[in-house]
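One-letter residues, chain by chain:
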Amino acid sequence: MLKLLTQDEVKARIKRLGELVEREYALKERLIGLKLSGPRDHVLEARKEHDAILAEIDRLRLEEQLPVMAELSDFNKAAELFLGVNAHLKRKLQ
């Protein structure tokens, strides 16, 4: 459902999205820092951590980032529709 948001609601959604993206970058930094060589036990633990980090990145994107993006996209569509209807009505009334 398309929904118009207040300016404060839009700012809050954008702020939340920024925080989520920062979390994703932090997870990616952890991936970069993983050492996947050395003793077998160390490598196995590092691979488990690698897989867990990738799973968290996927979860973060699908369950947290995408819903916020969808809500902002719906707001944008609703605003465009609202502005288009307003412009059409103004032309009719002139």
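Residues numbered from 1 in each chain as written. Predicted model: local features only at pLDDT ≥ 70, side-chain atom pairs only at ≥ 80, totals over all residues. Heavy atoms only, no water.

Asker: Honestly, the overall build of the protein chain in this entry has me stumped. Any pointers?
Answerer: If you tally the helices and strands in the protein chain, you get 2 helices and 0 strands. When the 94 residues of the protein chain are sorted by exposure, 22% land in the buried category. Expressed as a percentage of contacts within the protein chain between residues at least 6 apart in sequence, the contacts between residues at least 24 apart total 71%. Within the structure as shown, the protein chain displays about 7300 Å² of accessible surface, and the carbon and sulfur contribution to it stands at 59%. (Helix = DSSP H or I, 4+ residues; strand = E, 2+ residues; numbered from the N terminus. Buried < 20%, exposed > 50% of the residue type's maximum accessible area, 1.4 Å probe, protein only. Contact = heavy atoms within 4.5 Å. Areas by Shrake-Rupley, 256 points an atom, 1.4 Å probe, with all protein chains shown as cover.)

Asker: Would you take a moment to explain helix 1 (residues 7–33) for this structure?
Answerer: Each full turn of the α-helix corresponds to 3.6 residues, which orients residues three or four apart in the same direction. The first and last C-alpha atoms of helix 1 sit 39 Å apart over 27 residues, in line with the 39 Å expected at 1.5 Å per residue. For helix 1, the full list of buried residues reads Val10, Arg13, Leu17, Leu20, Glu24, Leu27 and Leu31. (Expected span 1.5 Å × (residues − 1).)

Asker: Just checking my understanding: could you explain the side chain of Gln65 for this structure?
Answerer: Within the secondary structure, Gln65 is located in helix 2 (residues 40–93). The buried category is assigned to Gln65, whose relative accessible area is 5%. At 3.0 Å, the side chain of Gln65 forms a polar contact with the side chain of Glu24. With residues near it in sequence (within four places) discarded, Gln65 still touches Leu17, Leu20, Val21, Glu24 and Leu60. (Polar contact = N/O pair within 3.5 Å; in protein donor to acceptor, adjacent residues only side chain to side chain.)

Asker: Where do I start with the pattern of salt bridges in this structure?
Answerer: Pairs can form between side chains of opposite charge once their charged atoms are near each other. Scanning all chains against the criterion turns up 12 salt bridges. With its nearest N and O atoms 3.0 Å apart, the salt bridge here joins Glu71 to Arg13. Of this pair, Glu71 sits in helix 2 while Arg13 sits in helix 1, and the two are 58 residues apart along the sequence. Judged by its relative accessible area of 29%, Glu71 is partly exposed. (Salt bridge = Lys/Arg side-chain N within 4 Å of Asp/Glu carboxyl O.)

Asker: It is not clear to me how the environment of Glu56 should be interpreted in this structure. Could you clarify?
Answerer: Within the secondary structure layout, Glu56 lies in helix 2. Each C-alpha atom of the pair Glu56 and Gly38 lies 25 Å from the other, and the pair is 18 residues apart in sequence. In this structure, Glu56 is in contact with Arg23 and Leu27, ignoring residues within four places of it in sequence.

Asker: What should I look at first to understand the side chain of Arg13 in this one?
Answerer: Using a relative accessible area of 19% as the deciding quantity, one classes Arg13 as buried. If near-sequence neighbours (up to four positions away) are discounted, Arg13 is found in contact with Leu5, Val68, Glu71 and Leu72.

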